[in-house]
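# Breakdown of the fold
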Amino acid sequence: MTLPTPRLETERLRLRPFADADGDALFALNSDAEVLRYWDSPPWTDRASIERFMTGCRRMAEEGSGARVAIERIGDGSFVGWATFNSWNPDFRSASLGYCFTRSAWGHGYATESSRALLGWAFDALDLNRVQSETDTRNVASARVLEKLGFEREGTLREDCIVNGDVSDSWVYGLLRRDWER
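Below, the structure is looked at part by part. Since the model is a prediction, treat every value here as computed from it, not as a measurement.

Once that is clear, we can look at the overall build of the chain. The secondary structure content of the chain amounts to 5 helices and 8 strands. Mapped in sequence order, the helices and strands of the chain form the string β-β-α-α-β-β-β-α-β-α-β-β-α. Relative to the compact-globule value of 16 Å for 182 residues, the chain shows a C-alpha radius of gyration of 16 Å, a close match. Its C-alpha atoms give the chain principal-axis dimensions of about 40 × 35 × 30 Å. Classification of the 182 residues of the chain by burial places 48% in the buried group. Of the roughly 9,500 Å² of accessible surface on the chain, 46% is carried by carbon and sulfur atoms. Side chains of the chain give 23 positive and 29 negative charges; the mean places of these two sets differ by 3 Å.

Another aspect to go through is the sheet that holds strand 6 (residues 130-136). Strand order across the open sheet formed by 8 strands is 1-2-3-4-5-6-8-7, with mixed pairing between neighbours. For this open sheet the edge positions go to strand 1 (8-9) and strand 7 (152-163), each flanked by a neighbour on one side alone. In the sheet, strand 7 pairs with strand 8 (residues 166-176) via 8 bridges, with the strands oriented antiparallel. Note that in strand 8 the partner of Val 163 across the bridge is Asp 166.

If you trace the backbone, Asn 30 turns up in helix 1 (residues 23-30). Since its relative accessible area comes to 3%, Asn 30 is described here as buried. Apart from residues no more than four positions distant in its own chain, Asn 30 is found in contact with Leu 36, Pro 43, Trp 44, Trp 82 and Cys 100.

If you trace the backbone, Asp 136 turns up in strand 6. Judged by relative accessible area, Asp 136 falls into the buried class, the value being 5%. Here the side chain of Asp 136 touches Arg 138 through a polar contact of 2.8 Å, side chain to side chain. Look past the residues within four positions of Asp 136 in its chain and what remains in contact with it is Tyr 38, Ser 168, Asp 169, Ser 170 and Trp 171.

On to helix 4 (residues 140-148). For helix 4, every residue scored as buried is listed here: Ser 142, Ala 143, Val 145 and Leu 146. Along helix 4, the residues classed as buried sweep out an arc of 155 degrees about the axis, all on the same side. In this structure, the buried side of helix 4 is in contact with strand 5 (94-101), helix 3 (110-125), strand 6 and strand 8.

Where strand 1 and strand 2 (residues 13-16) come together, 2 bridges link them in antiparallel fashion. Across the sheet, the residue bridging to Leu 8 is Leu 15, located in strand 2. Between strand 1 and strand 2, which follow one another and run antiparallel, lie 3 residues. In terms of strand pairing, strand 2 meets strand 3 (residues 67-73) through 4 bridges, oriented antiparallel. Note that in strand 3 the partner of Leu 13 across the bridge is Arg 73.

Rules and cut-offs
- Residue positions are given per chain, counting from 1 as you read along its sequence in written order.
- Given that the model is predicted, a residue must reach a pLDDT of at least 70 before its local features are reported, and side-chain atom pairs must reach 80 or more before they are shown or counted; all residues, however, enter totals for whole chains, interfaces and linings.
- Hydrogens and water molecules were not included; the side-chain quantities draw on all heavy atoms of the structure.
- Only runs of H or I of at least four residues qualify as helices and only runs of E of at least two qualify as strands under DSSP, and these elements are numbered from the N terminus.
- The quantity called the radius of gyration is restricted to C-alpha atoms. Its globule counterpart is 2.2 Å times the number of residues to the power 0.38.
- Type-normalised accessible area, obtained with a 1.4 Å probe on protein chains alone, sets the label of each residue: buried when under 20%, exposed when over 50%, and partly exposed for intermediate values.
- With residues, only the protein chains shown are counted as cover, and all accessible areas are computed by Shrake-Rupley using a 1.4 Å probe.
- Positive residues here are Lys and Arg, negative ones are Asp and Glu, while His and the chain termini are left out of the count.
- By convention, the charge on Lys lies at NZ, on Arg at CZ, on Asp at CG and on Glu at CD.
- Note on pairing: two strands pair once DSSP finds at least 2 bridges between them.
- Note on contacts: a residue pair qualifies if any of its non-hydrogen atoms lie within 4.5 Å across the two residues.
- Think of a polar contact as two N or O atoms within 3.5 Å of one another; within protein, one of them needs to be a possible hydrogen donor and the other a possible acceptor, and neighboring residues in sequence only count if both atoms come from side chains.
- To be clear, the arc concerns the directions from the helix axis to the C-beta atoms.

Take a look at the structure:
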């Protein structure tokens, strides 16, 4: 079952399928060590990562396992990041939310604004009951975004990730449909 990647607009942002033209901006974002400081994988070092990422986007859509969108500002069309719904399980009516933004986009509310739009789409289109998200326990900005969206911290995954020898814990957050609809 395919899952068409959504096209959504908020007051300031456009969420859309990735295009080949996004390659340079995507590489700049995912090769920035500061941006990926709390990520579960190291920064990209080779441009072949772009094609692997794009292939993953297409595969998720074709398999119906999720959707990954590019996020740009409506005003000037600048790429500011990306977000994903993955691990969609129609039987359990659950999925996972993730996002990544350029440093220049930090502190402007783009993560909250785009995630709110994506959550609205997902709860409706995918008939979700639960969305889960995880963040490194040191990433308090991401934790604040999830809490603004109504997610509740449900636990800690101890020593969940080891990236370049750096061991870190992750917080698990959950958002239920009934809490989203309040």
